[in-house]
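Observations on the three-dimensional arrangement
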Amino acid sequence: MSITLDNISKSFGSQALFSEVSVTFNPGNRYGLTGPNGAGKSTLLRIIMGMIEPNSGAISLPERVGMLKQNIEAFRDMIVLDVVIMGNSRLWDALKERDRLYELEITDEIGMQLGDLEEIIAHEDGYMADANAEELLVGAGIPAELHGQKMSTLPTDMQFRALLCQALFGNPQALLLDEPTNHLDLDSIGWLEEFFHNYTGTLIVVSHDRHFLNSVTTHIADIDYDTVIVYPGNYDQMLVTKTSVHEKGESEARSKEKKISQLKEFVAKFSAGTRASQVQSRLREIERLQPQELKKSNIQRPYIRFIPTEKPSGKIVCKLDKVSKSYDDLQIIKDLSFEIHRGDKIGVIGNNGRGKTTLLKMVVGALAPDSGAIEGGHQVITSYFPQDHSEIISKEDKDNCFDWLRARKAGLYDQDLRSALGKMLFGGDDAFKNVATLSGGETARLILAGMMLEDHNFIVLDEPNGHLDLEAVSALGWGLEEYKGTALVVSHDRGLINHFATKIIAFESDGIHFFDGNLDNYLMSRA
Ligand SMILES: Nc1ncnc2c1ncn2[C@@H]1O[C@H](COP(=O)(O)OP(=O)(O)OP(=O)(O)O)[C@@H](O)[C@H]1O
Ligand SMILES: [Mg+2]
């Protein structure tokens, strides 16, 4: 059974995301849901799931729909197996309620309630829940000994796979995924692509990863021009069609305008004269030709420039001497020694779980090593972009963007704030959006706006491109290339690393490698 949207409109305050959208998503097809940051992709998925109400319109969808959650952090303290079973919320709620009631003294009334709950549990195949969840986890490559552990003890890509199992729990007829590749390294992305190719239900996946979209999707549903348009084919094919449709619209509009101005000329010349009927017919023609206003595309590029403080840092920015770090029994970094020098532009690459974030946190002083020494250089001022945005913008935060940004640095003028916000595409009223309502990409843009205003001569970014759209990633590449200070950046995006990095730190299976040169040269040297 397909998913059908009938005349769906959604706006927040004065901001209209899309209006009167009618589209159908069919089983067997794999739809990429695309559009720039803040276009409304996550919102549309939530509308389909019934988690938020549209302003108007109706949705019909199959009985069982699974959704992959974007917020891996929210599950940190939960047990892996439970996280999977939560995928069926009716069952999960019934199980929890049953456990709660068994704690109480069993009265007749409670006995009745328990009976009702047992019925729900049986109907939802609850007695097989553990076995089914285990089977899914093993299929996703998570061994049985991890099923009873807390999510936070698993490497990020494993946590992600557990969330995917959650979405798949109960064998859904449709699967919705919001940016599934953000937490994944290339190996896991390959695994996911393969998985998608074998899925037979209706698949809708949000992503900013062009390569991934191209390899996975059969259709693209693009949010732009206030609506959703479904194009057959993958992402690159969509871009070609979209541009040619738009150019055709523009050239038609231009030729209409030309025609209108000729007609107007005629009218002006003869309106006072004897050719009244001809003038009348020209006027009607003008009316008919009046171009419908072409909707502007929502694709925009931010402008990213990081300005270092006037006082440069010393020649050595950071020095690590025999640094080691373990989590419980797992040694992540062993006897690591190296120096970061002023002006270095370092790209850090490598699979998940190898310690890139751990290294960055130690370099910025947020985490202490178990042994060895880390020495910051003379007059180094650091600005840090954490992988987990909630470390600096929390979802409980009540601030608006403007106030949040003002708190980043003392003595800023309103116009400085406005200008930084404008460069990061928070124009007009958007500057006063509540930070808790920002989309993933908008949150990343706001953090970058903060870094543009802060004092620094050393910037450290941990997967800054995770949520960013293609325009923003390319703007970031320019910003990093132009930066006159020192930069240390973790990313899985080859294009981004190649844009700015002149040195590479690679976390490989055979250890950590240091390379003087850009990423392409490093990869060639490995091949
Ligand atoms: N509760 C809310 N109140 C006000 N505005 C909201 C609310 N929720 C979302 N928005 C706004 O709606 C827009 C769409 O948000 P959404 O999260 O759907 O974007 P998205 O396309 O998923 O973006 P991204 O690519 O960055 O994830 C954003 O501008 C966001 O700030
Ligand atoms: Mg989103």
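Worth saying up front: this structure is predicted, and the values here are computed from it rather than measured. (Residues numbered from 1 in each chain as written. Chains lettered and ligands numbered in written order. Predicted model: local features only at pLDDT ≥ 70, side-chain atom pairs only at ≥ 80, totals over all residues. Heavy atoms only, no water.)

This paragraph deals with the sheet that holds strand E10 (residues 316-327). Strand order in the open sheet formed by 3 strands is E11-E10-E13, and the pairing between neighbours is antiparallel. Each edge of the open sheet is held by one strand with a lone partner, namely strand E11 (330-341) and strand E13 (371-376). Direction aside, the axes of adjacent strands within the sheet are offset by 15° on average. Here E10 runs beside E11; their pairing, made up of 8 bridges, is antiparallel. Considered in E11, the bridge of Val323 is made with Leu336. (Pairing = 2+ DSSP bridges. Helix = DSSP H or I, 4+ residues; strand = E, 2+ residues; numbered from the N terminus. Axes fitted to C-alpha atoms, helices over the stretch in contact; angles between N-to-C directions.)

A positive phi angle, near 55°, is found at Asn171, a position not held by glycine. Tracing the backbone through its elements, the reader meets Asn171 in the loop between helix H6 (156-168) and strand E6 (174-178). Despite not being glycine, Gln379 has its phi angle at roughly 55°, a positive value. Its location among the elements puts Gln379 in the loop between E13 and strand E14 (382-385).

Across its 16 residues, helix H4 (residues 108-123) extends 23 Å between first and last C-alpha, which sits within 8% of the 22 Å expected from 1.5 Å per residue. The complete set of buried residues in H4 reads Ile110, Leu114, Leu117 and Ile121. Taken down its axis, H4 places every buried residue within 65° of arc, on the same side. Across H4 from its buried face, at more than 90 degrees, point the exposed residues Asp108, Glu109, Met112, Glu119 and His123. If you follow the buried residues of H4, they end up packed against helix H3 (89-103). Downstream of H4 by a residue or two, Asp125 has a phi angle that is positive, lying close to 60°. (Expected span 1.5 Å × (residues − 1). Buried < 20%, exposed > 50% of the residue type's maximum accessible area, 1.4 Å probe, protein only. Arc of directions from axis to C-beta. Contact = heavy atoms within 4.5 Å.)

Under the counting rule described, the total for this entry stands at 9 aromatic pairs. Taking 4.8 Å as the distance between ring centres and 90° as the angle between the ring planes, the aromatic pair formed by Phe25 and Tyr31 counts as edge-to-face. You can call Phe25 buried: its relative accessible area is 1%. Across from the ring centre of Trp191, 4.3 Å away, lies the NZ or CZ of Arg161, which sits over that ring. Against the face of Phe266 rests Arg282, its NZ or CZ located 4.0 Å from the ring centre. (Phe/Tyr/Trp six-rings, centres within 6.5 Å; stacked < 30°, edge-to-face > 60°. Lys NZ or Arg CZ within 6 Å of the ring centre and 35° of its normal.)

Turning our attention to the packing of H6 against helix H7 (residues 186-198). For the pair H6 and H7, the least separation of the axes is 11 Å and the interaxial angle reads 15°. Our classification of the angle between H6 and H7 gives roughly parallel. Considering only the axes of H6 and H7, their crossing is right-handed. Only Ser188, Trp191, Leu192 and Phe195 of H7 make contact with H6, whose side of the interface consists of Asp157, Phe160, Arg161, Leu164 and Leu168. (Parallel < 35°, antiparallel > 145°, perpendicular 65-115°, else oblique. Left-handed = near helix turned anticlockwise from the far one by under 90°.)

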